[in-house]
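# An overview of the molecular structure
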Amino acid sequence: MLMKNKLKHSLLEILGSPEFDLRIRNAGKFRFPTNYLFHLHSHREFEMNFVKSGSCVMEIGGILTSLREGDCVLVSPGVPHYFMVGIQKGCSIVQLEYQLSLPEKISDSFQFLRGQRESLQISQCGSVGGIMEEICRCFREEKPEMYMQPQLEFGFAQLFTAMAYILEKDKRNSTDKNFSKQSQLLQHINRNYDSKLNIEELAVQFGLSSRSVRKYFEESLGMSCTEYITMLRMEKSKEMLWNTDRSITDIAMTMGYSSSQYFSNVFRDYTGMTPGKFRGSWRGVIAEERIYE
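Now for a description of the structure that goes with this document.

Rules used throughout
- Residues numbered from 1 in each chain as written.
- Predicted model: local features only at pLDDT ≥ 70, side-chain atom pairs only at ≥ 80, totals over all residues.
- Heavy atoms only, no water.
- Helix = DSSP H or I, 4+ residues; strand = E, 2+ residues; numbered from the N terminus.
- Rg over C-alpha atoms; globule rule 2.2 N^0.38 Å.
- Contact = heavy atoms within 4.5 Å.
- Phe/Tyr/Trp six-rings, centres within 6.5 Å; stacked < 30°, edge-to-face > 60°.
- Lys NZ or Arg CZ within 6 Å of the ring centre and 35° of its normal.
- Core = buried A, V, L, I, M, F, W, Y, C linked by side-chain atoms within 4.5 Å.
- Buried < 20%, exposed > 50% of the residue type's maximum accessible area, 1.4 Å probe, protein only.
- Axes fitted to C-alpha atoms, helices over the stretch in contact; angles between N-to-C directions.
- Parallel < 35°, antiparallel > 145°, perpendicular 65-115°, else oblique.
- Nonpolar A, V, L, I, M, F, W, Y, C, P; charged D, E, K, R; others polar.
- Pairing = 2+ DSSP bridges.
- Expected span 1.5 Å × (residues − 1).
- Arc of directions from axis to C-beta.

## As for the overall build of the protein
When you go through the protein residue by residue, the secondary structure sums to 10 helices and 9 strands. Radius of gyration (C-alpha) of the protein: 21 Å, near the 19 Å computed for a compact globule of 293 residues. Counting only C-alpha atoms, the protein reaches 60 × 45 × 30 Å along its principal axes. Sequence-distant contacts in the protein: of pairs separated by 6 or more residues, those separated by 24 or more amount to 76%.

## Re the packing of aromatic side chains
Summed over the entire model, instances satisfying the criterion amount to 14 aromatic pairs. Here the aromatic residues Tyr-257, Tyr-262, Phe-263, Phe-267 and Phe-278 are joined through ring pairs into a cluster of three or more. Here Arg-233 stacks its cationic end above the ring of Tyr-257, 5.2 Å away from the centre of that ring.

## Comments concerning the nonpolar core
By size, the foremost hydrophobic cluster in this structure holds 40 residues, and its most contacted members are Leu-96, Tyr-98, Val-128 and Leu-159. Taken together, the elements giving at least two residues each to this core come down to α1 (2-16), β1 (21-32), β3 (46-60), β5 (72-75), β7 (91-101), β8 (119-122), α2 (126-140) and α3 (145-173). For this core, the element with the highest residue contribution is α3, accounting for 10 residues. Of all hydrophobic cores here, the second largest spans 37 residues; its members include Tyr-216, Cys-225, Val-266 and Phe-267.

## Digging into the packing of helix α7 (residues 225-243) against helix α9 (residues 260-271)
Contact pair α7 / α9: the axes reach a minimum separation of 11 Å and the direction vectors enclose 95°. Relative to α9, the element α7 is oriented roughly perpendicular. Every residue of α9 that contacts α7 at Thr-230, Met-231, Met-234, Glu-235, Ser-237, Lys-238 and Leu-241 is listed here: Phe-263, Val-266, Phe-267, Tyr-270 and Thr-271. Residue composition of the contact of α7 with α9, by class: 7 nonpolar, 3 polar and 2 charged.

## Section: the pairing of β3
With 12 of 15 residues buried, β3 lies mostly within the body of the structure. As judged from the 4 bridges shared by β3 and β5, these two strands associate in the antiparallel manner. Opposite Glu-47, over in β5, you have Val-75 as the bridge partner. Relative to strand β4 (residues 63-68), β3 runs antiparallel, the two sharing 6 bridges. In the sheet register, Met-58 faces β4, and the bridge partner there is Thr-65.

## Description of the side chain of Glu-239
Relative to the elements of secondary structure, Glu-239 occurs in helix α7. Residue Glu-239 is classed as buried on the basis of its relative accessible area, which comes to 9%. Aside from chain neighbours lying at most four places away, what touches Glu-239 is Leu-37, Tyr-82 and Met-84.

## Digging into helix α6 (residues 210-221)
A turn of α-helix holds 3.6 residues, and therefore any two residues three or four places apart point the same way. Helix length check: α6, at 12 residues, gives a terminal C-alpha distance of 16 Å against a target of 16 Å (1.5 Å per residue), a fit within 8%. Along α6, the positions that sit buried rather than exposed are Ser-210, Ser-212, Val-213, Tyr-216, Phe-217 and Leu-221. Looking down the long axis of α6, one finds its buried residues gathered within 160° of arc, a one-sided arrangement. Residues of α6 that are exposed and point over 90 degrees away from its buried face: Arg-211 and Glu-219. In the stretch just after α6, Gly-222 is the one whose phi turns positive, near 70°.

This is the structure we're talking about:
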């Protein structure tokens, strides 16, 4: 009860502070087609994305990460990022973009609101997605600001509390040695997908059995470790083919492939077309996001 009251008191202190301010630039549900790319960008606002259906890949601060249905990511202001949807199916997300001013002193439970990390990823958090959807509905209602602003702030109070709970739970779970090692392994792959990676060597490096590594990827990401690495490489290759004039050979070498022919074969198996055809088909084409209710 004491901890519950402390959390409640901390949140009310934030909301009641004259320094607290919340400004929403955009809030809505968006549906993106397959092979969609939203180019590299950054902005002054926080950007929070919840994957409602499908899957996507985001590069945040130079690090690629995969998001699937039920996952959420919070990108801090000023951090460069882009968004890609794969070849197999489209993706629907709930998105909030907002600016936040906070009092100088806030409790440890809500320090994540300061955006000191480039991004925060939360897996399988349907409760967070539900709250985000309610905020989006409120934002799009035609109400006088004197009624809408308090309602939005209360909605964000719910969101912040839900996130604080999940982050604290994940922190407790991370004390499990095996979980921590698997998480570190995934982070290593996200940062080094363009290097030569071997499952057996990775398992030894992180003190895990190769069987536990395979099980972790199948259960947590729905694909094998090899498929995950290939997906990251192919999605990054698509972005480079679209946004740069680098040669296919150069891109192949950058992605860790020993030959451009092998790279082209893998790319064709993944996308259904050669790198050259993909570049010719997509240059100058911009897919539009569609808001839906």
